[in-house]
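# Remarks on the overall topology
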Amino acid sequence: MPSHEHVLSEITGQVRDQPDATRAMRAAVSTLKRRMPDYSWVGIYLLDGNELVLGPFEGKPSPHGRIPLGCGICGAAAAEKATIIVDDVNADPRYLACSIDTKSEIVVPIMAGNEVLGEIDIDSDRLAAFDATDQKMLEAVAALLAERMSGASR
Ligand code: SME
């Protein structure tokens, strides 16, 4: 498995080189899915009013194309404006099921200042697949995407 630092550096270049935010999101999703073996489903939700709307993703189709704020682990992370790691999704009453194979999940808000733009959502078929190293890398990816989404980088 490549190191988290290596994957972050690959994504940093890709996000910088894409001509727009949508392509930057797609590139980040694709690299995370391809490079991280435990990342079974990788997607980005974008905040639209009081709902999270599914944007670029890789993995099985999700039944949750729109998630109201406050619903699911995704809604909780957006409401709390903080990363949530769930080691065992079946033990978390907030969890909205996407696939019966999913065992753990991490949701990382994409923030511009204090404003939530969206979030990175990743599911794993392995229990407790995400730790502080994943959180650190994904929060850095979220910051890169936030810059592109808010037009601050170019
Ligand atoms: N599990 C999420 C719903 C989205 S799917 O994982 C793609 C949640 O509980 O919010």
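Structural data are supplied above this passage.
Okay, so let's go over this structure. (Residues numbered from 1 in each chain as written. Predicted model: local features only at pLDDT ≥ 70, side-chain atom pairs only at ≥ 80, totals over all residues. Heavy atoms only, no water.)

## Here's the deal with the side chain of D92
Stated precisely, the cut-off is as follows: Helix and strand labels come from DSSP, where a helix needs a run of H or I of at least four residues and a strand needs a run of E of at least two; each type is numbered from the N terminus. Any pair of nitrogen or oxygen atoms within 3.5 Å is treated as a polar contact; in protein, a donor-acceptor pairing is required on top of that, and neighbouring residues in sequence qualify only through side-chain atoms on both sides.
You can see D92 is positioned in the loop between β4 (84-86) and β5 (104-112). A distance of 2.8 Å separates the side chain of D92 from the side chain of R94, its partner in a polar contact.

## Focus on the site of the ligand
Put simply, the test is: Here, proximity means that at least one heavy atom of the residue falls within 4 Å of the molecule or strand.
Lining the immediate surroundings of the ligand are 13 residues, of which I73, C74, L96, C98 and E105 lie closest. Contacts to the ligand include I73, whose backbone N or O atom sits 2.9 Å from an oxygen atom. D121 places a side-chain nitrogen or oxygen 3.4 Å from an oxygen atom of the ligand. Of all the elements in the fold, those that place two or more residues in the shell around the ligand are β1 (41-48), α3 (72-80) and β6 (115-124).

## Structural notes on helix α2 (residues 21-35)
Worth spelling out the cut-off: Expected helix span is given by 1.5 Å per residue-to-residue step, counting one fewer step than there are residues. Three labels apply to residues, based on accessible area from a 1.4 Å probe with only protein chains included: buried if under 20% of the type maximum, exposed if over 50%, partly exposed otherwise in between.
Its 15 residues place the ends of α2 21 Å apart at the C-alpha level, agreeing with the 21 Å of an ideal helix rising 1.5 Å per residue. Of the positions making up α2, those classed as buried are A21, A24, M25, A27, A28, V29, T31 and L32. Here α2 starts with a cap whose side-chain oxygen sits 3.2 Å from the backbone nitrogen of T22, and that cap is D20.

## What to know about the side chain of D123
Put simply, the rule is: A positive count includes Lys and Arg, and a negative count includes Asp and Glu. His and the chain ends are not counted in either. By definition here, a salt bridge exists when the distance from a side-chain nitrogen of Lys or Arg to a carboxyl oxygen of Asp or Glu is within 4 Å.
Looking at the secondary structure, you find D123 in strand β6. Buried within the structure, D123 lacks any salt-bridge partner; its nearest side chain of opposite charge belongs to K60, at an N-O separation of 9.3 Å.

## Some remarks on the pairing of β1
The condition that has to hold: Should DSSP find at least two bridges between two strands, the strands are taken to pair.
Here 6 bridges tie β1 to β6, and the two strands are oriented antiparallel to one another. Paired with I44 across the strands is I120, a residue of β6. Pairing between β1 and strand β2 (residues 51-58): 6 bridges, direction antiparallel. From the neighbouring strand, Y45 faces β2, where its bridge partner is L54.

## Re the pairing of β5
Working note: regular strand, side chains alternate between the two faces of the sheet. Of all 9 residues in β5, 7 are buried; the element is thus mostly enclosed. As paired elements, β4 and β5 share 3 bridges and run antiparallel to each other. Residue V86 lies in a different strand from β5, and its bridge partner there is E105. Two elements, β5 and β6, share 9 bridges in a ladder whose sense is antiparallel. Counterpart to A112 in the pairing with β6 is E115. In sequence, β5 turns back onto β6 through a hairpin of 2 residues, with G113 there showing a positive phi of about 65°.

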